[in-house]
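Single-letter residue listing:
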Amino acid sequence: MQNDVKLTDYLRDRHSTPVAQIKEPGPSQEELESILASSARVPDHGKLAPWRFIVYRGAVRESLGLEFLKIALQDNPDLADPAQEAERARFTRAPLVVAVVSTAAPHAKIPEWEQVLSAGAVCLNMLMAANAQGYVANWRSEWIAYDGRALTILGVREGEKVAGFIHIGSTDFPTPDRPRPQLSDIVTYAGDGQA
Ligand SMILES: Cc1cc2nc3c(=O)[nH]c(=O)nc-3n(C[C@H](O)[C@H](O)[C@H](O)COP(=O)(O)O)c2cc1C
């Protein structure tokens, strides 16, 4: 992906790449650390850093896929072959998957909702930080973000939630943009609307 565009042009056109279109190569260790450090630079009321990252790369993605398949078969022993393959391949579609884990918890001053929002900001930042390093990315949740058995094997602790599994890699697929909301449908000017 081109990474020498002006920030205004980038923000005007920013979009994700479908996971099915993401392939090797993924970021190097140095690039990954830059992506993670940039991702953590988000508004964070109270400076609680109510999020953490789990990086899945290399062979662990395949063993996790087998675990996802085991769980899926527990729930549906008749799972069709293509669906079984989809479970196995869940984390091998992209060279790198990062879980953005929300550690939001009740706090004397900072509403939990605001801590959760900060984790969402981390996810979008990670999409953009990956783009800045020349990679493409996609923010997914899928059933594994909501299944206690999957969360345990993924290393997510009791009380934590997955804000997103950010899939990062490269592509040669020119992703068409998707429809975007019209400003007139989402913006209200309070009062008489005068600047
Ligand atoms: C919290 C969250 C979870 C998502 N989970 C999925 C998912 O499980 N499967 C899916 O197909 N898309 C999912 N998406 C949508 C993809 O990220 C989609 O590619 C994205 O909306 C594209 O928008 P963009 O081009 O503006 O980045 C999710 C989006 C968000 C914000």
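Since this is a predicted model, take the numbers as computed values, not measurements. (Residues numbered from 1 in each chain as written. Predicted model: local features only at pLDDT ≥ 70, side-chain atom pairs only at ≥ 80, totals over all residues. Heavy atoms only, no water.)

1. Side note on unusual backbone geometry
Part 1 of the reasoning: A cis geometry characterises the amide bond from Glu24 onward to Pro25, with omega recorded as 0°.
Part 2 of the reasoning: The topology assignment puts Pro25 in the loop between α1 (7–13) and α2 (29–39).
Part 3 of the reasoning: The phi torsion at Ala49 lies on the positive side, around 45°, for a residue other than glycine.
Part 4 of the reasoning: Along the polypeptide, Ala49 turns up in the loop between α2 and β1 (51–57).
Part 5 of the reasoning: By relative accessible area, Ala49 is classed as partly exposed at 38%.
Part 6 of the reasoning: Residues other than glycine seldom take positive phi values, yet Glu142 does so here, at roughly 65°.
Part 7 of the reasoning: If you trace the backbone, Glu142 turns up in the loop between β3 (136–140) and α6 (148–154). (Helix = DSSP H or I, 4+ residues; strand = E, 2+ residues; numbered from the N terminus. Buried < 20%, exposed > 50% of the residue type's maximum accessible area, 1.4 Å probe, protein only.)

2. Points about the nonpolar core
Part 1 of the reasoning: One finds Val98, Met126, Ile166 and Ile168 to be the most contacted residues of the largest nonpolar core, which totals 19 residues.
Part 2 of the reasoning: Only α2, β2 (96–102), α5 (112–132) and β4 (161–169) provide two or more residues apiece to this core.
Part 3 of the reasoning: The element contributing the most residues to this core is α5, with seven residues.
Part 4 of the reasoning: Sequence-distant contacts of Val98, defined by excluding residues within four places in its chain, comprise Leu32, Leu36, Phe53, Ile54, Val55, Met126, Gly164, Phe165, Ile166 and Ile168.
Part 5 of the reasoning: Grouped together as the second largest cluster of nonpolar side chains are 17 residues, Ile54, Ala99, Ile144 and Leu154 included. (Core = buried A, V, L, I, M, F, W, Y, C linked by side-chain atoms within 4.5 Å. Contact = heavy atoms within 4.5 Å.)

3. Some details on helix α3 (residues 60–75)
Each α-helix winds once per 3.6 residues, and so residues spaced three or four apart point in a common direction.
Part 1 of the reasoning: Taking 1.5 Å per residue, 16 residues should reach 22 Å; α3 reaches 23 Å between its end C-alpha atoms and fits that length.
Part 2 of the reasoning: Along α3, the residues classified as buried are Arg61, Leu64, Gly65, Phe68, Leu69, Ile71 and Ala72. The buried residues of α3 occupy an angular sector of 165° when the element is viewed end-on, so they sit on one face. (Expected span 1.5 Å × (residues − 1). Arc of directions from axis to C-beta.)

4. Brief notes about the site of the ligand
Part 1 of the reasoning: What surrounds the ligand is the set Arg14, His15, Ser16, Asn138, Trp139, Arg140, Ser141, Glu142, Ala163, Arg178 and Arg180.
Part 2 of the reasoning: Taking Asn138, its side chain carries an N or O atom lying 3.1 Å from an oxygen atom of the ligand.
Part 3 of the reasoning: The biggest single contributor to the shell around the ligand is β3, with three residues. (Near = heavy atom within 4 Å. Polar contact = N/O pair within 3.5 Å; in protein donor to acceptor, adjacent residues only side chain to side chain.)

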